[in-house]
Amino acid sequence: MKPESPRPPQAVSVPHLREVRSYKLRSGRVTRSQEEALRLHWDSFVLNPTAILEFATIFEKCPKVIVEIGSGMGEATAEMAEAQPDLGILAIEVHRPGIGALLSKIVERQLDNVRIIDGDAVSIFEKLLPPDSLDGIRVYFPDPWPKKRHHKRRLLQTEWIEFAVTRLKTEGTLHIATDWKPYADWISQRGEANLKISGGLVPRPEWRSLTRFESQGLAKGHRVFDFLYTKNPEARVEL
Ligand SMILES: C[S@@+](CC[C@H](N)C(=O)[O-])C[C@H]1O[C@@H](n2cnc3c(N)ncnc32)[C@H](O)[C@@H]1O
C-alpha cells in the first residue's frame with residue numbers, strides 16, 4: 001500500500017491490550033527526499049500484513065530475527081543492520097518521516113535484511129507476531145511521557161512486557177535503552193517479577209549504535225541506561 005495524502009489506513013486495525021497509545025502522531029514535515037523514498041521504496045520494504053507473519057519467508061536469508069519498536073529516523077537501525085547482515089530486523093514505527101528516512105538508508109546501504117511495518121507495535125505484537133518467534137526485541141529510547149498523568153501512555157508496562165516476552169524464543173533477548181532516569185528506575189524496580197526474563201542493567205553493548213534521541217539526551221548531560229534481559233521460562237514467577 002503506497003503512502004498517499006491523506007495518510008492511508010493502517011495495515012491492521014485491532015483492539016488494543018490497553019486503551020491508550022504510546023505515541024502521538026506528529027505532523028512532522030516529510031522532506032522531499034523522504035517523500036521520494038516513501039513513493040519509490042514502500043512496496044519493496046514496508047510490509048502490509050493481513051495474517052500472522054512468517055519470518056522464514058520474510059527474511060529468507062536470515063536465521064535470526066529481531067523487532068525494533070520505534071526506529072525513529074532509522075540511523076541506528078540501518079547501521080546495525082549493515083553490521084549484521086544475517087540478522088533480520090523488523091522495524092515498527094508510526095512516524096511517516098521516520099519511515100521515509102529509514103527507507104532512504106535501506107536503499108543507500110543496499111540492505112536486504114530490514115523490513116518495516118507502519119503501525120502500532122502493541123497491536124502488531126498482539127495480532128501478527130507468532131509466539132516464540134523472535135530472537136530479540138529492541139526498544140531504544142521509548143517516549144518517556146514524563147508527566148505522571150501520562151505514565152499510562154508509556155510503551156513499557158508490566159502487562160505489556162509480559163505479553164511481548166511470549167513472542168521471544170527461549171534465550172531471546174529484550175534490550176531496552178533510555179536516558180530518562182525515572183523510566184529507568186521503574187524498569188529496574190519492575191525487574192524480573194512475573195516476566196520470565198533474567199538480566200538487568202548493563203553497559204552499552206559495543207554493537208548498539210548511538211541513536212538520534214540518545215545523542216540529544218547525551219548533549220543535555222543525561223545518563224543512558226541499557227537493560228538487557230534474556231527469556232528464561234524457568235524464571236521464578238513471583239505472585
Ligand atoms: C523517542 S523516539 C526514539 C526513536 C529512536 N529509537 C531513537 O532513539 O532515536 C520514540 C519513537 O517510538 C515511536 N513509537 C512510540 N510508540 C510506538 C508504537 N506503539 N508503535 C510504533 N512506534 C512507536 C515514535 O513514533 C518515535 O519515533
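See above for the structure.
Below is a summary of the structure that appears in this document. (Residues numbered from 1 in each chain as written. Predicted model: local features only at pLDDT ≥ 70, side-chain atom pairs only at ≥ 80, totals over all residues. Heavy atoms only, no water.)

Considerations on unusual backbone geometry
In this model, F141 sits at a positive phi of 60°, which is unusual for a non-glycine residue. Note on placement: F141 falls in the loop between β4 (134-140) and α6 (158-166). A relative accessible area of 8% means that F141 is categorised as buried. Positive phi, normally seen in glycine, also occurs at W145, with a value near 40°. On the basis of relative accessibility, which here comes to 13%, the residue W145 falls in the buried class. (Helix = DSSP H or I, 4+ residues; strand = E, 2+ residues; numbered from the N terminus. Buried < 20%, exposed > 50% of the residue type's maximum accessible area, 1.4 Å probe, protein only.)

Observations concerning the nonpolar core
Counting residues in hydrophobic clusters, the biggest one holds 38 residues, and the most contacted among them are F55, I69, F125, L134 and I137. Residue contacts for L134: discarding those within four places in its chain leaves F55, V65, V67, F125, L129, R167, L168, K169 and G172. Core analysis: the second largest hydrophobic core is formed by 18 residues, A37, W42, A91 and I106 among them. (Core = buried A, V, L, I, M, F, W, Y, C linked by side-chain atoms within 4.5 Å. Contact = heavy atoms within 4.5 Å.)

Remarks on a positive patch on the surface
Taken together, K24, K147, R149 and K152 make up a surface patch of like positive charges. Mapped onto the secondary structure, K152 falls in the loop between β4 and α6. (Patch = residues over 30% accessible without salt bridge, like charges linked within 9 Å, V, L, I, M, F, W, Y side chains within 5 Å. Areas by Shrake-Rupley, 256 points an atom, 1.4 Å probe, with all protein chains shown as cover. Salt bridge = Lys/Arg side-chain N within 4 Å of Asp/Glu carboxyl O. Lys, Arg positive; Asp, Glu negative; His and termini not counted. Charge placed at Lys NZ, Arg CZ, Asp CG, Glu CD.)

Observations regarding the packing of aromatic side chains
Following the criterion strictly, the structure yields 3 aromatic pairs and no others. Judged by centre distance (6.4 Å) and plane angle (0°), the ring pair of F227 and Y229 falls under stacked. Among the residues examined, F227 registers a relative accessible area of 2% and is labelled buried. Taking the relative accessible area as the measure of exposure, Y229 reaches 3% and is therefore buried. The side chain of R154 reaches across the aromatic face of Y183, ending 4.5 Å from its centre. One residue, R208, lies across the ring of Y140, its end atom 5.3 Å from the ring centre. (Phe/Tyr/Trp six-rings, centres within 6.5 Å; stacked < 30°, edge-to-face > 60°. Lys NZ or Arg CZ within 6 Å of the ring centre and 35° of its normal.)

Overview of the pairing of β4
For β4, the buried fraction is high: 7 of the 7 residues fall into the buried class. As defined by bridge partners, strand β1 (residues 64-69) adjoins β4 across 4 bridges and the pair is classed as parallel. Paired with I66 across the two strands is G136, which belongs to β4. Sheet topology places β4 next to strand β5 (residues 168-178); 6 bridges connect them, and they run parallel. Pairing of L134 across the sheet is with L168, part of β5. For the handedness criterion, the β-α-β arrangement of β4, α6 and β5 is classed as right-handed. (Pairing = 2+ DSSP bridges. Right-handed = clockwise from strand over helix to strand, strands pointing away.)

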